[in-house]
Amino acid sequence: MKWLKRIFDKSEKHFSGSGKLAKAHALFDATKTVFFHPLRRTAFIPFLRDCLDLKRYMTFVLISLVPVTIFGIYNTGYRAGLGSGVELDLLDSFLHGSYYVIPIILVSYVVGLFWEILFAGIRKHKISEGFLVTGLLFPLTLPATIPLWQVALGISFGVIIGKEVFGGTGRNILNPALTARAFVYFSYPVSMSGEIWIPNLGAVDGMSGATPLAVAAQGNQSILAALSDMGFALKNLFWGFVPGSIGETSVFCIVLGMFFLLVTRIANFRIIAGGIAGLIFTAIVFYLFGEDPGSWIKAGPLYHLFAGSFLFGITFMATDPVSAPGTNEARWIFGFLIGFFTVTIRVANPAFVEGTMLAILFMNVFAPLLDHMVVKYKVSKRIPNV
Amino acid sequence: MLAEKDHFKEILIKGIWKENPVAYQVLGICSALAVTVKMSTAIVMGIALTIVTAFSSLIISSMRKHIPSNIRIIVELAVIASLVIVTDQILKAFLYDISKQLSIFVGLIITNCIVLGRAESFALANPPADSFVDGVANGIGYSLILVCVAFIRELLGSGKILGFNVIPGFLVDMGYQNMGLMVLAPGAFFIIGLLVWLKNNLPGVSHEEN
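Residues numbered from 1 in each chain as written. Chains lettered and ligands numbered in written order. Predicted model: local features only at pLDDT ≥ 70, side-chain atom pairs only at ≥ 80, totals over all residues. Heavy atoms only, no water.

Another point: the pattern of salt bridges. Residue and element names in this part refer to chain A. As enumerated under the stated definition, the model contains 7 salt bridges over all chains in all. Here Lys-163 ties to Glu-116 by a salt bridge, and the two come within 2.6 Å at their closest N and O atoms. Here Glu-116 lies in helix α4 (residues 90-123) and Lys-163 lies in the loop between α6 (148-160) and α7 (176-187), a separation of 47 residues in the sequence. Owing to a relative accessible area of 0%, Glu-116 belongs among the buried residues under this scheme. Between Glu-164 and Arg-123 there is a salt bridge, with its nearest N and O atoms 3.6 Å apart. Taken as a pair, Glu-164 in the loop between α6 and α7 and Arg-123 in helix α4 lie far apart in primary sequence, 41 residues in all. (Salt bridge = Lys/Arg side-chain N within 4 Å of Asp/Glu carboxyl O. Helix = DSSP H or I, 4+ residues; strand = E, 2+ residues; numbered from the N terminus. Buried < 20%, exposed > 50% of the residue type's maximum accessible area, 1.4 Å probe, protein only.)

Here it is as C-alpha cells:
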C-alpha cells in the first residue's frame, strides 16, 4: 500500500489549489478515498469519527447487490436460451446473459458518472458515493431487452432531476434510481411493459413472455392454477427462474442481500418488516373480500410477496437512507404503506401490473411529512415545564 | 422622442425577458401545461392571450381614473371577459379546428393570472400607451415560453414540428421511440422547470445579480 500512497501524495499538488488539474479535484478525491480512509476528523469534542463513512456504507450496499446481479445475468442468459429453443448450460447462460446485461450496467455507470463529475466540478462538491449504488440499482430494475440509449437517457434524468437539482446526495426527496426508472417507464412504455422480458439469441421467432404479474386466468380457472400452468409455481418464483426485470426475479438472492444489509445494519429492519407486514395484510384483505377468482386479487399473500419486484424494492430502494424517513415510528408507517400501495396498485389498477415503483416513489414524497408528524406527536406527549 | 422610445423598449424587455410571466413570475402555468402538446395550439393560444392582455390593459388603463377602487376587480373582469368572448368567437369563426383543440382554455383566459395580474399591477398605475406595450410584452413573453415548451414537447413526444414528421426514417428503423412522457402533463412541468433553470443561469439575467 505504501507505493500507492506515494503516488497519491505526489500527484495531489496537481489537483489542489492552483495546480494544473485543479478542476478535476473531485475525481482525484473520489479515487483516493476508494483506497484510503479520509483523514477528516470532527472539529469539536469528542474528535472521533466512525470509520463507516458514506463510501463504505454504499460499498456494503454494492456487496449486497452481488447475488442478485450475478443471478440476474445468469437468468437473462438462461431465458434467452429457452426463448430460442436451446437448453444452455451454466457457463453458456452466464456468457449470454453478460452479453445483454453488462452493456446496460456499463452505460448506466458511464453516463451517470459523467453527470456526477460535471456537477461535482461546477458546484465544487465531492463526487457522491451514492451514485455507485444508483448506477447499479437502475440497470437491475430494467428488462434485459431495453435499448441502451434509453438507459443513458434514464440515468441522466435520474441523476439530474432526481438528485442534482435538489442539491446532490443527501438532499434528494426521491430515490434517484427509481426516478430514472419511472422516467423510462412513462417515456418508453413499449420497452418497459408487455411481453418484452426475454431477449432472443437471433433465432427467427423468439419466444416472448409475460411476467408472473401479467398473468390472468381464463374462464373459471383460479389464478393459482393459471400461474402454475405458466410455470410460475411458488418454488420457481422463490428461486427466480421466471421472466422479469434483471435483478428482481430471485427471491432467494434478494433475501441473501437483505440478510447482509440487516446484519451490517445498513438497511433499517423497520422499513423492511413494515413493508412485508403491509403487503401481507393488504393481500389477505383483498383475498377475503375480493370477487374475481381469476385475477391477482385472489392470489394470496405469499404470491404477492414472491412475484414481481416488491422484495427487491423494499430491500434496496425503500431503505435508501436519504429518501426514507428518519424516525423509527415513521419507518414502520412508511414501510407498511409501501406494502399496502403495492398490492392496491397491482390488483385495483388495470393500467399497471406492478405497483412497487409507484408505491415507493409515492411514499418517498410523504417521508418528510411522516417524520414531521412523529416529531410533533412526541413533542405533544412531553410534560410541559418539567 | 428618443427617451419615449427607450421607455417603451425597457417595458418590452422587462415583460418579454427579464420578468417573463411564466419563467419569472410563474403565472399562467395551468394553460402552459394544457395547450403545449402541439405547437399550433400553443401559437394560437399565445396570440389570443397577447391580444386580450394588450387590449384589456389599454382599456383598463384609460378608465383607471374613473374606477372606484373597491369595485375595480369587477370592472376589470367585465372588460377582460368581453375581450375573451370576442376572441373566442373569432377563433370559432375562422380557426374552428384549433379552437376545438384549445377547447375550454380560450374561455379560461379570463382566469389566466397574467391578464388580471398585469391589469392590477401595471395598468391601474400607468398611462394607456405604456399599459398597452406592457400587455403586448407580457403576452409575447408568455407566447415565447409556450412555443418553446410546445416545440420541445411536440418534437420529442410525437416526432413532429407543426404537424410535420421530422424524425428521419432510418432513426425509427434503428429503434428510435417517441418520448411518451412529453405528451403527458408532467412532461410540461419538467420542461418549464428546466427552462426556468436555464433562464436564471444565462449570463446577465440572473435575478441574484440585480
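So, next bit.
Attention now moves to the interface of chain B and chain A. Taken together, the 11 residues of chain B in the interface contact 15 residues of chain A. Summed over both partners, the interface of chain B with chain A buries about 950 Å², with 72% contributed by carbon and sulfur atoms. It is Gln177(B), Met179(B) and Trp197(B) in chain B that bury the most area against chain A; as a group they hold 52% of the surface buried on that side. Taken together, the links from chain B to chain A amount to 0 salt bridges. Our count for the contact surface shared by chain B and chain A stands at 4 residue pairs in polar contact (both at pLDDT 80 or more). (Contact = heavy atoms within 4.5 Å. Buried area = accessible area lost by both parts, 1.4 Å probe. Polar contact = N/O pair within 3.5 Å; in protein donor to acceptor, adjacent residues only side chain to side chain.)

Here we take up the packing of aromatic side chains. The way to describe two aromatic rings as a pair is by their centre distance and the angle between their planes. Residues and elements named next belong to chain A. Considering all chains together, one arrives at 26 aromatic pairs over all chains under this definition. Seen in terms of ring centroids, Phe-60 and Phe-260 are 6.0 Å apart; in terms of plane orientation they differ by 75 degrees. Their pairing is edge-to-face. Here Phe-60 is found in helix α3 (residues 54-83), whereas its partner Phe-260 is found in helix α11 (residues 251-263), with 200 residues between them in sequence. Residue class for Phe-260 comes out partly exposed when judged on its relative accessible area of 27%. Ring geometry for Trp-239 versus Phe-252: centroids 4.8 Å apart, planes at 50 degrees, classification tilted. Of this pair, Trp-239 sits in helix α10 (residues 234-239) while Phe-252 sits in helix α11, and the two are 13 residues apart along the sequence. Since its relative accessible area comes to 32%, Phe-252 is described here as partly exposed. Here the aromatic cluster, defined as three or more aromatic residues joined through ring pairs, consists of Phe-71, Tyr-74, Tyr-78 and Phe-241. Sitting above the plane of the Tyr-287 ring, Lys-298 keeps its charged end 5.0 Å from the centroid. (Phe/Tyr/Trp six-rings, centres within 6.5 Å; stacked < 30°, edge-to-face > 60°. Lys NZ or Arg CZ within 6 Å of the ring centre and 35° of its normal.)

Moving on: the packing of α7(A) against helix α16 (residues 356-381) of chain A. Residues and elements named next belong to chain A. It is the contact of α7 with α16, at a shortest axis distance of 10 Å, that shows an interaxial angle of 130 degrees. As far as their axial angle goes, α16 and α7 are oblique. As α7 packs across α16, the resulting crossing turns out to be left-handed. On α16, the residues that touch Leu-178, Thr-179, Arg-181, Ala-182, Tyr-185 and Phe-186 of α7 are Met-357, Leu-358, Ile-360 and Leu-361. Residues that form the contact of α7 with α16 fall into these classes: 8 nonpolar, 1 polar and 1 charged. (Axes fitted to C-alpha atoms, helices over the stretch in contact; angles between N-to-C directions. Parallel < 35°, antiparallel > 145°, perpendicular 65-115°, else oblique. Left-handed = near helix turned anticlockwise from the far one by under 90°. Nonpolar A, V, L, I, M, F, W, Y, C, P; charged D, E, K, R; others polar.)

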